Amino acid sequence: MVGVVAAVLLVVGVGLLLARAAGFAEVRDAIEQADASWFVLCLGAQVVALTAYADVFRSSFRWSDGPDPGFGPSARVMLASIGATRVFAAGGVGAIAVTYWCFRRARFSAEEALVRVLGFNALFYVAFGIGAWMAALVTVTSAWGDVPTAFALPWLVVVPALAVVAVVATQPARLERLTRAGGSFARHAFAYAVAAVAWARSALVDPAGRRMLGATVLYWSGTLACLWASLRSVGETVPLPELVLAFAAGHGAMILPLPLGGVDAALTYALTVVGVPLAPALVAVGVYRLFSFWLPTVPGLAALLLLPRLGRHLEALHTHP
């Protein structure tokens, strides 16, 4: 609960700083003119995204003849991982810890559980990277949309570079050596990271894995649709590739050690780069984060509190597959 309160205070503080930069009167006008009918689409898009996320977890559980936890328990795992991101300062680590715990309750080995958790998370960023790269390509070539070259160029360079590194590292000739854990913590972490990328790569060449990738695309599409509807609620719209790049820049900020409000600030300013005035951008991001971040918090915290009950269900999968 302390983590949630701290998160609220951080977001409010950053929001006030951004509102001051935009002009309090302009922000007030954007709020007053907002069309709440778009909120229905925000909610629906977020339900689609979270449903897709639960399906990815379920598919990763069933991968390679693993037990099927069912959609309901998979959704509860997804919500519990959201709850963990709200409670712990290092939210991403909390979500990984919850999903890892769930795999272990179902009697997966420690190594297999960690590889699957990291692997299915890697699949999310495969879809994320491909989408950002395609958006950058069409904007740089002026085929659709127009953004500063410096805003698009990093995606054109970094995404292919990471793909090459992943392919080279997971070649059979290197894989066994690179995934041999031992020595320092950093060496262990590197070995598991390579094993997770190899798991994701194997999923991409399997029909069941491609279905999993399709669910990650649906997750990002739902999340992006929520942001688009949030912009429409304040009377703003941008071409799809520009919206994808702004979205990618804002979510890419999550990789950096920024406080929670820093993500809101990054996404707000990314929208201004693609032509949205600061005041409506700030209000749109506030609406977007309300539906994508804050609304799932209550069921997420409830699912986290009920995690022991879910653990007993997962243990029963081992006894009665």
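Residues numbered from 1 in each chain as written. Predicted model: local features only at pLDDT ≥ 70, side-chain atom pairs only at ≥ 80, totals over all residues. Heavy atoms only, no water.

### Section: the overall build of the protein chain
In terms of regular secondary structure, the protein chain is built from 15 helices and zero strands. Out of the 321 residues belonging to the protein chain, those deemed buried represent 47%. Of the contacts made within the protein chain by residues no fewer than 6 positions apart, 71% connect residues no fewer than 24 positions apart. When the accessible area of the protein chain is evaluated, it comes to approximately 15400 Å², of which 70% is carbon and sulfur surface. (Helix = DSSP H or I, 4+ residues; strand = E, 2+ residues; numbered from the N terminus. Buried < 20%, exposed > 50% of the residue type's maximum accessible area, 1.4 Å probe, protein only. Contact = heavy atoms within 4.5 Å. Areas by Shrake-Rupley, 256 points an atom, 1.4 Å probe, with all protein chains shown as cover.)

### Description of the environment of Arg105
Tracing the backbone through its elements, the reader meets Arg105 in helix 5 (residues 91–105). A C-alpha to C-alpha distance of 9.0 Å links Arg105 and Ala316, two positions 211 residues apart in sequence. In contact with Arg105, other than residues within four places in its own chain, are Gly311, Leu314 and Glu315.

### Topic: the pattern of salt bridges
One pass over the full model with this rule turns up eight salt bridges. Here Arg28 makes a salt bridge to Glu32, at a shortest N to O gap of 4.0 Å. Of this pair, Arg28 and Glu32 are both found in helix 2 (residues 24–32), four residues apart, which corresponds to roughly one turn of the helix. A residue is classified by how much of its surface remains accessible, and Arg28, at 47% relative accessible area, is partly exposed. Of the residues examined, Glu32 reaches a relative accessible area of 58% and is grouped as exposed. With a closest N to O distance of 3.3 Å, Arg289 and Asp264 form a salt bridge. Placement of Arg289 in helix 13 (residues 278–294) and of Asp264 in helix 12 (residues 260–273) is noted, with a sequence separation of 25 residues between them. (Salt bridge = Lys/Arg side-chain N within 4 Å of Asp/Glu carboxyl O.)

### A look at the confidence of the model for the protein chain
The pLDDT averaged across the protein chain works out to 88; a share of 89% of its residues lies at or above 70. Looking over the protein chain, one finds the lowest element-wise mean pLDDT in helix 1 (residues 2–22), namely 64, and the highest in helix 3 (residues 39–62), namely 96. (pLDDT = per-residue confidence, 0-100.)

### Structural notes on helix 14 (residues 297–305)
Along helix 14, the residues that are buried comprise Thr297, Gly300, Leu301 and Ala303. Seen from one end, helix 14 has its buried residues packed into an arc of 160°, which puts them on one side. Along helix 14, the residues that are exposed and aim more than 90 degrees away from the buried face are Val298 and Leu305. (Arc of directions from axis to C-beta.)

### Notes on the packing of helix 3 against helix 10 (residues 207–233)
Closest axis-to-axis distance for the helix 3/helix 10 pair is 8 Å, and the angle between their directions is 165°. Between helix 3 and helix 10, the angle is such that the two are roughly antiparallel. Every pair of crossing elements has a handedness; the one defined by helix 3 and helix 10 is left-handed. Broken down by class, the residue content of the contact of helix 3 with helix 10 amounts to 17 nonpolar, eight polar and three charged. (Axes fitted to C-alpha atoms, helices over the stretch in contact; angles between N-to-C directions. Parallel < 35°, antiparallel > 145°, perpendicular 65-115°, else oblique. Left-handed = near helix turned anticlockwise from the far one by under 90°. Nonpolar A, V, L, I, M, F, W, Y, C, P; charged D, E, K, R; others polar.)

### Considering the packing of aromatic side chains
The full count for this structure, using the stated rule, is 21 aromatic pairs. Pairing Trp220 with Phe247 gives two aromatic rings, centres 5.9 Å apart and planes at 80°, and the pair type is edge-to-face. Here Trp220 is found in helix 10, whereas its partner Phe247 is found in helix 11 (residues 240–252), with 27 residues between them in sequence. Judged by its relative accessible area of 11%, Trp220 falls in the buried class. In this structure Phe247 comes out as buried when scored by relative accessible area, which is 5%. (Phe/Tyr/Trp six-rings, centres within 6.5 Å; stacked < 30°, edge-to-face > 60°.)

### Comments concerning the environment of Thr170
Locating Thr170 in the fold gives a position in the loop between helix 7 (149–169) and helix 8 (172–178). In this structure Thr170 comes out as buried when scored by relative accessible area, which is 6%. Once the C-alpha coordinates of Thr170 and Ser202 are considered, the two residues, 32 residues apart in sequence, prove to be 9.8 Å apart. Separated by 2.7 Å, the side chain of Thr170 and the backbone oxygen of Ala166 make a polar contact. (Polar contact = N/O pair within 3.5 Å; in protein donor to acceptor, adjacent residues only side chain to side chain.)

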